[in-house]
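These are the residues of each chain, in order.
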Amino acid sequence: MKTSPGLSRIQVIDTHTGGEPTRVVVDGGPDLGNGTMTERRARFRDEFDAIRAAIVNEPRGSDVLVGALLTPPVNPDSAAGVIFFNNVGVLNMCGHGTIGVAVTLAHMGQIGPGNHLLDTSAGTISVRLHDNRTAVTLENVPSYRFRHGVAVDVPGHGRVTGDVAWGGNWFFLCDDHGLAIESGNLPALIQLTVSIRALLDKNGITGVKDEEIDHIELIGPSFRNDVDARNFVLCPGEEWDRSPCGTGTSAKVACLAADGKLEPGEIWRQESVIGSIFEATYRIDRETKQGEAATIPLITGSAWVNAESTLILNPDDPFCMGLSR
């Protein structure tokens with residue numbers, strides 16, 4: 001298709017993983033050079049934030065949409081590099097997005113069933129595309145619990161206690177919140193998790209090297225006998241995860257392993273607030289500097305392609321670069 005003068009076009013493929021959308025940029029994205037994935041992520045953040053907003057924010061996107069920019073791989077054995085981002089900025093890692101990227105690459109004919117590597121700013125990730133080309137097992141980055149039993153006093157709610165854990169992003173995980181984790185209770189879940197995140201920041205509670213805890217995960221019982229737990233995850237930008245959250249499930253598995261409640265190879269089935277399910281297990285990798293064993297989580301979920309689109313950027317459009325938060 002011929003491009004009119006002044007217009008730019010970005011080719012994207014949309015998927016959802018357990019209800020959580022991923023928009024993969026397959027052509028027309030910015031050239032980020034040949035540095036490491038961390039350097040490319042920083043350049044995308046510092047020099048192309050307007051492109052990020054144009055891709056995922058209104059009027060072309062929505063607050064729930066997670067973007068994934070494909071780049072040439074750094075590792076010669078990897079299928080691609082990928083930078084994840086959302087409505088407010090770049091992300092370290094995204095589990096549901098990684099599953100969506102693998103299914104997108106299969107849809108494009110770039111990978112087939114089997115094991116593949118993807119380069120991210122959190123490290124090189126292994127994925128296994130199953131024979132049906134929709135199910136993917138993600139071998140995530142080493143995950144671990146950093147702090148245990150952290151108490152936060154929430155005005156109007158009371159004290160909640162949780163763990164700080166790394167699963168590719170920093171999480172505060174809490175199961176004594178007293179709220180029902182169900183779609184009809186979203187306003188209360190959002191209000192509590194927003195308050196917890198603000199209090200963590202106010203009180204200087206962080207991850208390693210003062211890194212921000214930008215994900216809050218509430219855990220509770222499922223209504224199903226074949227599921228171990230149900231969760232609600234607040235993501236950066238104050239949007240909630242429709243999937244069980246790949247990095248959040250990884251952080252949960254790390255906490256269970258640290259408590260001796262889940263053995264290596266044992267399956268943990270985690271359900272999202274809308275009822276989608278990830279299966280998780282892990283193997284032990286090494287001891288962290290903090291003294292607890294790091295786990296290698298393996299998360300299995302399914303993604304589905306639901307659109308192939310061309311985003312048109314017209315400089316005469318007053319909202320061409322999206323509505324930023």
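Reference entry: report on the structure contained in this document. (Residues numbered from 1 in each chain as written. Predicted model: local features only at pLDDT ≥ 70, side-chain atom pairs only at ≥ 80, totals over all residues. Heavy atoms only, no water.)

## A few points about the side chain of Thr-295
This is how the line gets drawn: Secondary structure elements are defined from DSSP: runs of H or I of at least 4 residues count as helices, runs of E of at least 2 residues count as strands, and each element is numbered from the N terminus. Here the term buried applies to any residue with accessible area under 20% of the maximum for its type, exposed to any over 50%, and partly exposed to those in between, with areas from a 1.4 Å probe on protein chains only. Contacts were defined at the residue level, with two residues in contact if any of their heavy atoms lie within 4.5 Å.
Inspection of the secondary structure assignment puts Thr-295 in strand S16 (residues 293-313). Take Thr-295: its relative accessible area is 0%, and that puts it in the buried class. Excluding residues within four positions of it along the chain, Thr-295 makes contact with Val-141, Pro-142, Ser-143, Ala-254, Ala-257, Tyr-282, Arg-283 and Ile-284.

## Details of the pairing of S16
Let me state the cut-off plainly: Only strands that DSSP links by at least two bridges are regarded as paired with each other.
Of the strand pairs in this sheet, strand S1 (residues 8-17) and S16 are connected by 10 bridges, and their pairing is antiparallel. Pairing of His-16 across the sheet is with Trp-304, part of S16. Direction of pairing for strand S7 (residues 135-139) relative to S16: antiparallel, over a ladder of five bridges. Along S16, the bridge assignment pairs Ala-135 with Ser-302. In terms of strand pairing, strand S15 (residues 277-287) meets S16 through eight bridges, oriented antiparallel. Paired with Ala-280 across the strands is Ile-299, a residue of S16.

## Notes on empty space enclosed by the protein
In plain terms, the rule: Lining residues are defined by having an atom within 4 Å of a point belonging to a cavity or pocket. Those points lie on a 1 Å grid over the protein atoms alone, cavities being sets where a 1.4 Å probe fits but cannot get out and pockets being open sets with protein on both sides within 12 Å along at least five of seven lines. Grid points are joined across faces, edges and corners, and a volume is the space filled by probe spheres set on the points. Following the grouping adopted for this structure description, the nonpolar residues are Ala, Val, Leu, Ile, Met, Phe, Trp, Tyr, Cys and Pro, the charged ones are Asp, Glu, Lys and Arg, and the polar ones are all others, Gly among them.
Counted under the stated rule, the structure contains one cavity of 30 Å³ or more. In this structure, the largest cavity is lined by 22 residues; those nearest its centre are Glu-20, Val-66, Leu-91, His-215 and Cys-235. Listing elements by their share of the lining of the largest cavity, those giving two or more residues are helix H3 (95-107), strand S13 (239-240) and helix H5 (246-258). Counted by class, the lining of the largest cavity contains 10 nonpolar, eight polar and four charged residues.

## What to know about helix H4 (residues 186-202)
Definition in use: To estimate the expected span of a helix, subtract one from its residue number and multiply by 1.5 Å.
Compared with the 24 Å implied by 1.5 Å per residue over 17 residues, the 24 Å span of H4 between its first and last C-alpha is a close match. What H4 keeps buried is the set Leu-186, Leu-189, Leu-192, Thr-193, Ile-196, Arg-197, Leu-199 and Leu-200. Where the residues of H4 are buried, they touch strand S8 (144-154), strand S9 (158-166), strand S10 (170-174), strand S11 (215-220), strand S12 (229-235) and S13. Directly beyond the C-terminal end of H4, a positive phi value near 70° is found at Gly-204.

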